[in-house]
Amino acid sequence: MDRINQWLTLCANVGVLIGIGFLAYEIRQNTDATHAQTREAVFTGKQVELQAVSDDPNLIISIIKQDSLTTDEQIKLFTWLASALSAREFSWLQWKSGVIDETQWQSELVILRGFLQAPRVRLWWENVGHMTVSNEFHQFVEAQIDSLQPTNGIFEAQTEWAN
């Protein structure tokens with residue numbers, strides 16, 4: 001009887017180990033799928049931003065425009081920048097948690113830094129934008145601003161390349 005109990009215990013332990021191995025495999029697959037969905041969400045966010053500019057090029061023009069903005073331009077720019085900044089915060093959080101890799105984060109950072117170089121975007125950030133993000137991301141953005149010289153370079157390049 002002891003011998004049978006030992007074999008049953010051994011079989012049960014082997015079954016538990018196989019179950020743990022299968023569970024680890026399933027968790028890994030689920031993690032990979034979640035990471036893929038997050039990368040897709042980041043990509044989709046970029047596409048939405050680009051489509052908004054394609055639908056209304058005045059969004060970019062209003063960033064580099066020297067004159068004052070109309071109320072309509074202010075509202076459109078505010079909502080577009082808030083959306084773009086929210087997308088960068090989402091990407092930053094995903095990068096910090098290891099869901100997106102360094103390469104993808106660096107492409108997001110280039111976009112963020114490009115926004116932050118524009119004087120009008122900085123003015124928006126100082127007056128309104130900083131209130132739309134978490135305190136931790138606010139500190140991160142401030143550090144980025146401290147390392148940048150104000151210029152409309154990225155936005156001027158978008159409007160001048162076709163000339």
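On a predicted model such as this, the values are computed, not experimentally measured, just so you know.

Student: Residues and numbers for the nonpolar core, please.
Tutor: In this structure, W80, L112 and F137 are the most contacted members of the largest nonpolar core, which totals 30 residues. Counting residues per element, this core draws most heavily on helix α3 (residues 71–96), at 7 residues. Apart from the residues within four sequence positions on either side, W80 is in contact with E49, A52, V53, L59, I60, I63 and F115.

Student: Let's hear about the confidence of the model for the protein: which residues, and what values?
Tutor: For the protein, per-residue confidence averages 86 on the pLDDT scale, and 93% of positions sit at 70 or higher. Per-element confidence in the protein is highest for helix α6 (residues 135–146), whose mean pLDDT is 95, and lowest for helix α7 (residues 153–160), whose mean pLDDT is 55.

Student: Give a description of empty space enclosed by the protein that names residues and reports values.
Tutor: Within the structure shown, the criterion is met by 1 cavity of 30 Å³ or more. The wall of the largest cavity is formed by L81, L85, L112, F115, L116, V121 and W124. Of all the elements in the fold, those that place two or more residues in the lining of the largest cavity are α3, α4 (102–117) and α5 (119–127).

Student: Provide a residue-level description of the environment of I145, including the pertinent values.
Tutor: Here I145 lies in helix α6. A relative accessible area of 11% places I145 in the buried class. Sequence separation of I145 and Q51 is 94 residues, and the distance between their C-alpha atoms is 26 Å. Excluding anything up to four places from it in sequence, I145 contacts L116, R122 and W125.

Student: Tell me about the packing of helix α1 (residues 2–55) against α3, and name the residues and values.
Tutor: Where α1 meets α3, the axes come as close as 10 Å, and the angle between the chain directions of the two elements is 160°. In terms of orientation, α1 and α3 fall into the roughly antiparallel class. Of the two elements, α1 crosses α3, and the hand of that crossing is left-handed. Touching T38, A41, V42, K46, E49, A52 and V53 of α1 are W80, A84, A87, R88, F90, S91 and Q94, all from α3. The class makeup of the residues in the contact of α1 with α3 is 8 nonpolar, 3 polar and 3 charged.

Student: Now, about the packing of α4 against α5: what can you tell me, with residues and values included?
Tutor: In the contact formed by α4 and α5, the axes pass within 5 Å of each other and the chain directions differ by 90°. As summarised for this structure, α4 and α5 are arranged roughly perpendicular, according to the angle between their axes. Between α4, through F115, L116 and Q117, and α5, the contact on the second element is made entirely by P119, V121 and R122. Split into classes, the residues belonging to the contact of α4 with α5 amount to 4 nonpolar, 1 polar and 1 charged.

Student: Account for the pattern of salt bridges, naming residues and giving values.
Tutor: Following the criterion strictly, the structure yields 7 salt bridges and no others. One salt bridge in this structure joins K46 and E108, with 3.2 Å as the shortest N-O distance. Here K46, found in helix α1, pairs with E108, found in helix α4; they are 62 residues apart in sequence, far enough to count as distant. A relative accessible area of 0% places E108 in the buried class. With a shortest N-O distance of 3.3 Å, D56 and K76 are connected by a salt bridge. Here K76 lies in helix α3 and D56 lies in the loop between α1 and α2 (58–64), a separation of 20 residues in the sequence. Taking relative accessible area as the criterion, K76 reaches 37% and is therefore assigned partly exposed. When salt bridges that share partners are traced, they join K46, E49, R88 and E108 into one network.

Student: Would you mind going over the packing of aromatic side chains in detail, with residue names and values included?
Tutor: The tally for this structure, following the rule as stated, stands at 7 aromatic pairs. Residues F137 and F140 carry aromatic rings whose centres are separated by 5.9 Å and whose planes lie at 25° to one another, so their mutual orientation is stacked. Taken together, the residues span about one helical turn, with F137 and F140 both in helix α6 at a distance of 3 residues. Here F137 falls in the buried class, since its relative accessible area comes to 0%. An aromatic cluster is present here, built from W92, W95, W105, F137 and F140 joined pairwise through their rings.

Calculation rules
Residues numbered from 1 in each chain as written. Predicted model: local features only at pLDDT ≥ 70, side-chain atom pairs only at ≥ 80, totals over all residues. Heavy atoms only, no water. Core = buried A, V, L, I, M, F, W, Y, C linked by side-chain atoms within 4.5 Å. Buried < 20%, exposed > 50% of the residue type's maximum accessible area, 1.4 Å probe, protein only. Helix = DSSP H or I, 4+ residues; strand = E, 2+ residues; numbered from the N terminus. Contact = heavy atoms within 4.5 Å. pLDDT = per-residue confidence, 0-100. 1 Å grid on protein atoms, 1.4 Å probe; cavity = no way out; pocket = protein on both sides within 12 Å on 5 of 7 lines; lining within 4 Å. Points joined across faces, edges and corners; volume = space filled by probe spheres on them. Axes fitted to C-alpha atoms, helices over the stretch in contact; angles between N-to-C directions. Parallel < 35°, antiparallel > 145°, perpendicular 65-115°, else oblique. Left-handed = near helix turned anticlockwise from the far one by under 90°. Nonpolar A, V, L, I, M, F, W, Y, C, P; charged D, E, K, R; others polar. Salt bridge = Lys/Arg side-chain N within 4 Å of Asp/Glu carboxyl O. Phe/Tyr/Trp six-rings, centres within 6.5 Å; stacked < 30°, edge-to-face > 60°.

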